[in-house]
Amino acid sequence: MLRTHVAALVLLGASAVHADPPKPTAPPVEQKFCPVMTKDEIDPKESKFETYKGVKIYLCCDTCVAKYRRDPAAYLDPKFVPALAGVELPKRGIEQQFCPVYRDKKISEKDPSATYKGVKVYFYNATAKERFEKDPERYATADVLPQLPKK
């Protein structure tokens, strides 16, 4: 009988030792690109940043800092700032997200705009607006201008 109890204790102890170890948590995904000029890389050690609900939003240059400060909601995007995933974000004021001329640059409802086919189109800057107005058909596509009337 003593052997049975010892064997049971050995088996019990062995099962505790061989239990699945805790799964490691994935390291946080770091921000790599500016949320305004979305193809410009940032360096967390060198780049300027703003903070939203405790999350650092790194920006590539003073122009992007100024654009962010004017309308933060336009640039709070977990695709570009992974630390924002799961954070409650304010709604963007407009459906359009990118400039039709400089397609890697996000826009805000406070940026320059023009009316095209009865809808308001926003641009990264005045130069982009001028280029668009010279040849709108070149730049006006539904993938970047979701507000265009559907065909």
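Residues numbered from 1 in each chain as written. Predicted model: local features only at pLDDT ≥ 70, side-chain atom pairs only at ≥ 80, totals over all residues. Heavy atoms only, no water.

Let's talk about the nonpolar core
Core analysis: the largest hydrophobic core is formed by 35 residues, its most contacted members being Ile57 and Phe132. Of all the elements in the fold, those that place two or more residues in this core are strand S2 (55–59), helix H2 (62–70), strand S3 (113–116), strand S4 (119–122) and helix H3 (126–134). No other element matches S2, which puts four residues into this core. Apart from residues lying up to four places away in sequence, Phe132 is in contact with Pro100, Val101, Tyr116, Val121, Phe123, Tyr139, Ala140 and Leu145. (Core = buried A, V, L, I, M, F, W, Y, C linked by side-chain atoms within 4.5 Å. Buried < 20%, exposed > 50% of the residue type's maximum accessible area, 1.4 Å probe, protein only. Helix = DSSP H or I, 4+ residues; strand = E, 2+ residues; numbered from the N terminus. Contact = heavy atoms within 4.5 Å.)

Here we look at the environment of Pro44
Tracing the sequence through the fold places Pro44 in the loop between helix H1 (2–17) and strand S1 (48–52). Apart from the residues within four sequence positions on either side, Pro44 is in contact with Glu30 and Tyr58.

A short note on the pairing of S4
Pairing geometry for S3 and S4, over four bridges, is antiparallel. From the neighbouring strand, Tyr116 faces S4, where its bridge partner is Val119. The antiparallel hairpin formed by S3 and S4 contains two residues in its connecting segment, where Lys117 sits at a positive phi of about 50 degrees. (Pairing = 2+ DSSP bridges.)

Considerations on H2
Along H2, the residues that are buried comprise Cys64, Val65, Lys67 and Tyr68. Along H2, the residues classed as buried sweep out an arc of 165 degrees about the axis, all on the same side. What points out from H2, more than 90 degrees from its buried face, is the exposed set Asp62 and Arg69. Packed against the buried residues of H2 are S1 and S2. (Arc of directions from axis to C-beta.)

A short note on the pattern of salt bridges
Scanning all chains against the criterion turns up seven salt bridges. Of the charged contacts in the structure, one is a salt bridge between Asp62 and Lys48, with a shortest N-O distance of 2.3 Å. Of this pair, Asp62 sits in helix H2 while Lys48 sits in strand S1, and the two are 14 residues apart along the sequence. When its relative accessible area of 45% is taken as the criterion, Lys48 is described as partly exposed. Where Asp111 meets Lys67, a salt bridge forms, and the shortest distance between an N and an O atom there is 2.8 Å. One end of the pair, Asp111, is in the loop between H2 and S3; the other, Lys67, is in helix H2, and 44 residues separate them in sequence. For Asp111, a relative accessible area of 6% corresponds to the buried category. A relative accessible area of 9% means that Lys67 is categorised as buried. (Salt bridge = Lys/Arg side-chain N within 4 Å of Asp/Glu carboxyl O.)

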